[in-house]
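Listed here are the chains, written in short residue letters.
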Amino acid sequence: MIKVNLEYASVDLAKEIKDGDIQKIDAMIRNKTGEGADFLGWLDWPKNYDTKEFNAMKKVAKQLRAKIDTLIVIGIGGSYLGTRAADEMLRGLNHTDKVEVIYAGHTMSSTYTDQLTKYLKNKKFGIVVVSKSGTTTEPGIAFRLLENQLIQQFGLEAAKELIVAVTDKAKGALKTLADQKGYQTFVIPDDIGGRFSVLTPVGIFPLMVAGVNTDKILDGAKKAMKKLAKQHDLSNSAYQYAAARYILNTKHGYKMEALVSYELQMQLLTEWWKQLFGESEGKNGKSLFPTSMIFSTDLHSLGQWVQEGTRKVMFETVIRVAKPLADVKVPKDKDNFDELNYLTTKTLHEINSIAIEGVLDAHVNVGKMPNIVLEFEKMNEEMFGYLVYWFELAVAMSAYLLEVNPFNQPGVEVYKKNMFKLLGKPE
Ligand SMILES: O=P(O)(O)OC[C@H]1O[C@](O)(CO)[C@@H](O)[C@@H]1O
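Conventions used here
- Residues numbered from 1 in each chain as written.
- Predicted model: local features only at pLDDT ≥ 70, side-chain atom pairs only at ≥ 80, totals over all residues.
- Helix = DSSP H or I, 4+ residues; strand = E, 2+ residues; numbered from the N terminus.
- Rg over C-alpha atoms; globule rule 2.2 N^0.38 Å.
- Buried ≥ 20, exposed ≤ 12 C-beta atoms within 10 Å, placed from the backbone.
- Contact = placed C-beta atoms within 7 Å.
- Domains from an automatic or database assignment.
- Nonpolar A, V, L, I, M, F, W, Y, C, P; charged D, E, K, R; others polar.
- Axes fitted to C-alpha atoms, helices over the stretch in contact; angles between N-to-C directions.
- Parallel < 35°, antiparallel > 145°, perpendicular 65-115°, else oblique.
- Left-handed = near helix turned anticlockwise from the far one by under 90°.
- Pairing = 2+ DSSP bridges.
- Near = placed C-beta within 6 Å.
- UniProt positions renumbered as here; feature names shortened; annotations may be inferred.
- Core = buried A, V, L, I, M, F, W, Y, C linked by C-beta atoms within 7 Å.
- pLDDT = per-residue confidence, 0-100.

(A) The overall build of the protein chain, seen in detail. Scanning the protein chain from N- to C-terminus turns up 17 helices and ten strands. Relative to the 2.2 N^0.38 estimate, which gives 22 Å for 427 residues, the radius of gyration of the protein chain is 22 Å and therefore close to what a compact globule would have. Counting all 427 residues of the protein chain, 42% fall into the buried class. Within the protein chain, residue pairs in contact and separated by at least 24 positions form 80% of the contacts whose partners lie at least 6 positions apart.

What follows is the structure, given as structure tokens:
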């Protein structure tokens, strides 16, 4: 479902990396002997997840969906990015669905929060609050505000049916609060970190409420798991990607990787990817800075820099989708004032695909910027599950190649501690 095309990357895997090193790290991942191995729960999750819990989630999601027109998903980082990535990639602007999904708790912007609370005044809304730690400030504040508003609008009893918490199975502020107030809870497994959690109740429950076919997402993840578990060396496409970016970074001196998609509805997927790679690898003064662009949109802004700006700093990783969710024909026009009739033999996706060819040539051959191309078979639910698992395995390999622990994020705590000190948070 994903092929790695290194034709434009100026990387020769056979010459520039030892297959033995890849095999060693693969064994470390599979045998759970590397640093941070306590957080490898995602590795077997597609076959190990608790089907009973998932059936219970389906039931609760159906009940909640029947009662609301708007779902507020409260969370930050790994507690919301994967959900939003799937929501935008799969539902996109599909407003025919009865439930609108709005995200909160990923910002402390007072303007956004004020606008949201006003918008919800005439809405029948429900809340899914997601926090593994239960103590993160942003979702904590958003939940306090929106829970109050929901109770004011619909009453205490109704709140028990309109609020669901996804959090730790036993500990943390959110678990205590939900249990005390009688809110339904679903569990974030101990051995899966936030940014690896989209296939757990973190992503799956809100997506169920949003009406997404989550069974197909999990089928896709299982497909990836089964295929990649059989390939312990560079025949594994996730490892090819990890190795290529490692070589570009450590042997060719590149400092940044831009994930590029030609699908506007993958914008949030690139945000999810940024957290996955940024938090997993950005340690000990090492790793690529993960950034992203949407083409052709950003060709009309950053395109100039990409073509002619500072060289040997950034390379691109381009997602090329073979089969989009839908396609559109350019209509014939009898006047042809806009001179576009020459395009009417092609669909929009065909035009987009030709743009990729043209841009690859311009960026690689003229601009001398290496491009890794990730060939995605399609863009549906199954593909989403597949790509999530694929990137998770890729980042584990990639971080271990850099000799950093992929599963912690000690740097994030620094700002949090400073902020708590300045705000006078009691110890
Ligand atoms: O789910 P929590 O505990 O609220 O944490 C949210 C996010 O915050 C971080 O700790 C830091 O951004 C992420 O690792 C995590 O995904």
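Moving on, there is more to tell.
(B) Geometry of the domain arrangement of the protein chain. Per the domain assignment, the segments making up the protein chain are domain 1 (2-33 + 221-401) and domain 2 (43-212). The C-alpha-based centres of domain 1 and domain 2 are spaced at 30 Å. Taken residue by residue, the interface counts 22 residues in domain 1 and 19 residues in domain 2. Of all the secondary-structure elements, those providing two or more residues to the side of domain 1 that touches domain 2 are helix H11 (214-229), helix H13 (267-281) and helix H16 (381-401). Considering each element in turn, the side of domain 1 that touches domain 2 owes the most residues, nine residues, to H13. For the side of domain 1 that touches domain 2, a count of residues per class yields twelve nonpolar, five polar and five charged.

(C) Quick look at the packing of helix H2 (residues 19-30) against H16. The interhelical angle for the contact between H2 and H16, taken along N-to-C directions, is 120 degrees, at an axis separation of 10 Å. Between H2 and H16, the interaxial angle falls into the category oblique. You can see that H2 and H16 cross each other, and the crossing is right-handed. Here Ile25, Met28 and Ile29 of H2 lie close against H16, whose contacting residues are Ala396, Met397, Tyr400 and Leu401.

(D) Molecular detail of the sheet that holds strand S2 (residues 70-74). With respect to topology, five strands assemble into an open sheet ordered S3-S2-S4-S5-S6, the strand pairing being parallel. Sheet topology places strand S3 (100-104) and strand S6 (184-187) at the edges, where each strand pairs with a single neighbour. The average angle at which neighbouring strand axes cross in this sheet is 20 degrees, direction not considered. Sheet topology places S2 next to strand S4 (residues 125-131); five bridges connect them, and they run parallel. Bridge pairing in S4 links Ile74 to Val129. Packed onto the sheet, helix H4 (residues 51-67) meets S4, strand S5 (163-167) and S6 and runs at close to 140 degrees relative to S6. Packing against the sheet, helix H9 (residues 173-181) makes contact with S4, S5 and S6, and its axis sits at approximately 145 degrees to S5.

(E) Geometry of the sheet that holds strand S1 (residues 2-5). Taking strand neighbours across the sheet as the criterion, the five strands line up as S1-S10-S9-S7-S8 in an open arrangement whose pairing is mixed. With partners counted over all chains shown, the strands left at the sheet margins are S1 and strand S8 (289-294), one partner each. Ignoring strand direction, the axes of neighbouring strands in this sheet form an average angle of 20 degrees. Note: strand S7 (residues 256-261) against strand S9 (residues 314-323), six bridges, orientation parallel. Within S9, the position partnered with Met256 by the bridge is Met314. Across the sheet, helix H12 (residues 237-250) lies against S1, S7, S9 and strand S10 (371-378), angled at about 30 degrees from S1, the strand it touches most. Of the strands in this sheet, S1 and S10 are in contact with H16, which crosses S10 at around 145 degrees.

(F) View of the site of the ligand. With respect to spatial proximity, 14 residues lie near the ligand, and among them Gly77, Gly78, Ser133, Thr136 and Gly194 are the closest. In terms of residue class, the shell around the ligand is built from three nonpolar, eight polar and three charged.

(G) Just the pairing of S1, in detail. Of the two faces of S1, only one is covered, namely that formed by Ile2 and Val4; the face formed by Lys3 and Asn5 stays uncovered. In this sheet, S10 lies alongside S1 in antiparallel orientation, the contact comprising four bridges. Bridging across to S10, Lys3 finds its partner in Glu375.

(H) Layout of the environment of Gly193. For Gly193, the location among the structural elements is in the loop between S6 and helix H10 (201-209). Excluding residues that lie within four positions of it along the chain, Gly193 makes contacts with Phe39, Gly78 and Phe407.

(I) Structural view of the UniProt feature "active site" (unreviewed entry) in the protein chain. Here the UniProt feature "active site" (unreviewed entry) sits at Glu279 and Lys416. Residue placement: Glu279 occurs in helix H13. Owing to 23 C-beta atoms within 10 Å, Glu279 belongs among the buried residues under this scheme. For Glu279, the residues in contact, after removing those within four places along its chain, are Arg195, Gln409 and Val412. You can see Lys416 is positioned in helix H17 (residues 412-423). For Lys416, a count of 13 C-beta atoms within 10 Å puts it in the partly exposed group.

(J) Here's a closer look at the nonpolar core. Ranked by internal contacts, the top residues of the largest apolar core, which has 122 residues, are Ile74, Val128, Phe205, Trp390 and Met397. Among the elements that take part in this core, H16 stands out by supplying 16 residues, more than any other. Both domains that furnish three or more residues to this core are identified here as domain 1 (2-33 + 221-401) and domain 2 (43-212). Residues contacting Trp390, with those up to four places away along its chain left out, are Ile2, Ala224 and Ala238.

(K) Geometry of the confidence of the model for the protein chain. Overall, the predicted model of the protein chain reaches an average pLDDT of 96, with 99% of residues at or above 70. This complex was scored by the predictor with a pTM of 0.97 and an ipTM of 0.96.

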